[in-house]
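# Overview (structure and organization)
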Amino acid sequence: MSKNVVILFGTESGNAEFAAEDMAAVITDRKVQVFDMSDFSSENFESTNLYILICSTHGEGDLPSGAVPLYESMKSLTPDLSDIEYAIFGLGDSSYENYSRGSEHIDALLTSLGASRIGEYGRHDAQTGTLPNESAVTWTQEIIAQS
Amino acid sequence: MRLARASILSRFWGNLGVITLSSPSIAIVGSGPSGCYIAQYLRKAFPDSRISIFERDPVPYGLLRFGVAPDHIGTKAIAQQFERLFKRDGVEFIGNMEIGKDKSLRELRSEFDIVVIATGLNEDRSLGISGEYLEGIYSAGRITRLLNSHPNENSEGILVGSNIAIIGQGNVAIDLLRLSLLDSEELRSFGVTRKIADLMGKQDSKTISVIGRSPIEKAKFDITMIKEISKFSNVKFTSDIDYTKIIDEDSKQRSEAINFLVTHSPTNAKRIVNFYFGWSTLSFFGSNRVAGVDLVSKQKKMRISVDTVYTAIGFQEAKSASIKKSEHTSGKFDLDRGFLDDGLYCVGWFRRGPVGTIPVSRADAKHVSDAICSDYYSKMQGKVEIR
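Residues numbered from 1 in each chain as written. Chains lettered and ligands numbered in written order. Predicted model: local features only at pLDDT ≥ 70, side-chain atom pairs only at ≥ 80, totals over all residues. Heavy atoms only, no water.

## A short note on the packing of helix α1 (residues 15-25) of chain A against helix α4 (residues 133-146) of chain A
All names here are of chain A. To keep things clear, this is the line we draw: Each axis is a line fitted through C-alpha atoms, and for a helix only the stretch in contact is used; angles between axes span 0 to 180 degrees, taken between their N-to-C directions. Helix and strand assignments come from DSSP, with helices taken as H or I runs of at least 4 residues and strands as E runs of at least 2, each series counted from the N terminus. Roughly parallel covers angles under 35 degrees, roughly antiparallel covers those over 145, roughly perpendicular covers 65 to 115, and oblique covers all other angles. For any pair of crossing helices, the crossing counts as left-handed if the nearer helix is rotated counterclockwise from the farther one by less than a right angle, and right-handed if it is rotated clockwise. Whether two residues are in contact is decided by their heavy atoms: any pair within 4.5 Å suffices. For this classification, the nonpolar set comprises Ala, Val, Leu, Ile, Met, Phe, Trp, Tyr, Cys and Pro, the charged set comprises Asp, Glu, Lys and Arg, and every other residue, Gly included, is treated as polar.
Between α1 and α4, the least distance of the axes is 9 Å, while the angle of their chain directions is 40 degrees. Between α1 and α4, the angle is such that the two are oblique. Judged by the sense of rotation from one axis to the other, the crossing of α1 with α4 is right-handed. Note on element contacts: α4 touches α1 through N133, A136, V137, W139 and T140, opposite F18, A19, D22 and M23. Within the contact of α1 with α4, the residues separate by chemical class into six nonpolar, two polar and one charged.

## Observations regarding empty space enclosed by the protein
Residue and element names in this part refer to chain B. The test is simple: Using a 1 Å grid laid over the protein atoms alone, points where a 1.4 Å probe fits but cannot get out form a cavity; open sets with protein on both sides within 12 Å along at least 5 of 7 lines form a pocket; any residue with an atom within 4 Å of a point counts as lining. Grid points are joined across faces, edges and corners, and a volume is the space filled by probe spheres set on the points.
In this structure the tally under the stated criterion is one cavity of 30 Å³ or more. In terms of lining, the largest cavity is formed by I143, L146, I158, I196, L199 and M200. Its residues assigned to classes, the lining of the largest cavity comprises six nonpolar, no polar and no charged.

## Observations regarding the domain arrangement of chain B
Accessible area lost upon the coming together of the parts serves often as the stated size of an interface. Residue and element names in this part refer to chain B. Convention followed: Start and end points for every domain follow an automatic or database-based domain assignment. Buried area, as used here, totals the accessible surface that two parts lose on assembly, with accessibility defined by a 1.4 Å probe and the loss added over both. The salt bridge definition used is simple: a Lys or Arg side-chain nitrogen within 4 Å of an Asp or Glu carboxyl oxygen. Polar contacts, as counted here, are pairs of nitrogen or oxygen atoms within 3.5 Å of one another; within protein the pair requires one atom able to donate a hydrogen and one able to accept it, and residues that are adjacent in sequence qualify only if both atoms are side-chain atoms.
Looking at the assigned domains, one finds that chain B contains domain 1 (6-121 + 316-386) and domain 2 (126-313). The straight-line distance from the C-alpha centre of domain 1 to that of domain 2 is 35 Å. The partner domain 2 presents 18 residues to the 13 residues of domain 1 that form the contact. Buried surface at the junction of domain 1 and domain 2, summed over both partners, amounts to about 1200 Å²; 56% is from carbon and sulfur atoms. For domain 1, the biggest contributors to the area lost against domain 2 are F66, P70 and D71; these three give 52% of the whole. Counting every contact that joins domain 1 to domain 2 gives one salt bridge. Our count for the domain 1 to domain 2 interface comes out at eight residue pairs in polar contact (both at pLDDT 80 or more).

## Observations regarding the interface of chain B and chain A
Contacts between the two partners involve 17 residues from chain B and, on the opposite side, 21 residues from chain A. For the pair chain B and chain A, the summed buried surface comes to about 1700 Å²; carbon and sulfur atoms form 48% of the total. Per-residue buried area on chain B facing chain A is highest for Q81, R84 and R362 of chain B; these three make up 29% of the total on that side. Across the contact surface, chain B and chain A share six salt bridges. In this structure, E21 of chain A and K44 of chain B form a salt bridge, with 3.0 Å as the shortest nitrogen-oxygen distance. At the surface where chain B touches chain A, the tally comes to twelve residue pairs in polar contact (both at pLDDT 80 or more). Every element with two or more residues in the side of chain B that touches chain A is listed here: α3 (33-45), α5 (73-76), α6 (79-87), α12 (223-229) and α15 (358-386) of chain B. Its residues assigned to classes, the side of chain B that touches chain A shows six nonpolar, six polar and five charged.

## Observations concerning the environment of I106 of chain A
Residues and elements named next belong to chain A. With respect to the helices and strands, I106 occurs in helix α3 (residues 101-112). Residues I106 and F9 lie 97 residues apart in sequence; the distance between their C-alpha atoms is 11 Å. Non-local contacts of I106, meaning those with residues more than four positions away in its chain, are made with M37, L53, L63, A67, Y71 and I88.

## Some details on α6 of chain B
Selection rule: Burial here depends on accessible area, computed with a 1.4 Å probe over protein chains only, as a share of the maximum for the residue type. Under 20% is buried, over 50% is exposed, and the range in between is partly exposed.
When we look at burial in α6 of chain B, the residues that qualify are A79, Q81, F82, R84 and L85 of chain B. Against the buried residues of α6 of chain B lie α1 and α4 of chain A together with α3, α4 (62-66), α5 and β3 (91-94) of chain B.

## Describing the side chain of T144 of chain B
Residue and element names in this part refer to chain B. Inspection of the secondary structure assignment puts T144 in helix α8 (residues 140-147). Within the local environment of T144, its side chain forms a polar contact with the backbone oxygen of G141, the two atoms lying 3.1 Å apart. Excluding anything up to four places from it in sequence, T144 contacts F66, G67 and L176.

## Quick word on the side chain of N133 of chain A
Along the chain, N133 of chain A turns up in helix α4. Those residues within four positions of N133 of chain A in sequence are excluded, and the remaining contacts are F18, A19 and D22 of chain A together with R84 of chain B.

## With respect to the packing of aromatic side chains
Residue and element names in this part refer to chain B. Here is the rule we go by: Pairs were defined over the aromatic rings of Phe, Tyr and Trp, the Trp ring being its six-membered one, requiring ring centres within 6.5 Å. Orientation was assigned from the angle between planes: stacked under 30 degrees, edge-to-face over 60, tilted for the rest.
A full pass over the atoms with the stated rule returns 17 aromatic pairs over all chains. Relative to W349, the ring of F315 lies with its centre 5.7 Å away and its plane at 35 degrees, an arrangement referred to as tilted. One end of the pair, F315, is in strand β15 (residues 315-316); the other, W349, is in helix α14 (residues 349-352), and 34 residues separate them in sequence. Taken as a pair, F315 and W349 share a single burial class, namely buried. Judged by centre distance (5.7 Å) and plane angle (75 degrees), the rings of F339 and Y345 are edge-to-face. As far as the burial class goes, F339 and Y345 line up, both buried. Ring-pair connections join several aromatic residues into one group, and the members of that group are Y37, Y61, F82, F86 and F93.

Here is the structure:
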């Protein structure tokens, strides 16, 4: 049976949220929920869900402010996530150092807590002058097809 | 369609105002980042409301379109989020309409249940020193409007020489520095018109002095903005930072970013950028056109010869602003929530002053949108109880 999908976005300018809405819209064969990472706690992870994360990069390769509370709570509570599957899509701008590093902080932490990443690591480069929506939607469809 | 539905339903509900209460009509004045972000939040809160954005320019997005540097295409792309407001989410854009001039705020408030002022602060702060009005001295706002093809800005009288002073060290000043190092073709590739690209893009030889009043530890630029400058390999960078006096972590990072530029630049180059920290600008001198600038740091004085000056020391409310904050902060206002009067709110730079980047404006819009919703629902509660 395919898992329900929970999309978590971590955003600073709204681009990740904007893309998350479009990603949710193309998942039609199962239940989808979309949460701002700042409204999601590390105790909310459930093994019956597939987690799709989309997260931007702020400042010098830092997490966007919207992702900080979840990151900090996972780091201090260290929940066992060994039965959690997730896929992740990072936003960044290759004209800066630390391109797309924001999401990598979350990815590393999830992995260290035992969660398993599925599919390819998605990326979007703002230097293209486009928003991530289109590439994130295509990537989401691939993830969903594989899961 | 909406009117027809409202009038049919109002026969059942009488004059209780249930229809207007469940979907207040909303006018937003100003379509910059703050105006558009609050439109997003209010649209989510009130899916059926009539939401209209009034803008004095013919086109939307304010400083995102005319203030953000043209080469920051990642930031510019945020406009694509806002486009959806108008294309899909039923938010109405009314351009060429300056509230307080073409239509009074009073009239607008009589037409809409809720009015949100998001007009920003769009006049360059002036230095208030002698020589400020000499030829060759241009405000950052004017230059970024020209670079972004503002329809009501003109390049009359602008002549960019090869010895430039930039007054200020905030992100706008660093934008002007970076843009001053792009050649005409590069500027054109970011959509700058040929005329402006040719004015600013001469790169044969150039000296740019970036002058800040604050010492390095208090310099206003974001470090990423300085790191971005390191892409120019054929520029010689210098600075007057006294590295022996750098102690705390933050000033260390700031000075290291500058030091990286200095140590990685060639000893000889036709283009030179000098960073001066802790120098107040005393005055400009010259007969018609600016010939130099006098600076002071503690008791020391310094004179730099220049032929062009960009001032980038922040923004303020224009004297000619058609909506003035002081006119709305006398009654029962509560600026912390963006509340000015019943049904009248403000957001963004108008509310909190000219500081903060686009993400800060988004958080601000969320904050004021929450206040609007909470006021609205407590008001609605009152009405329901009366019924």
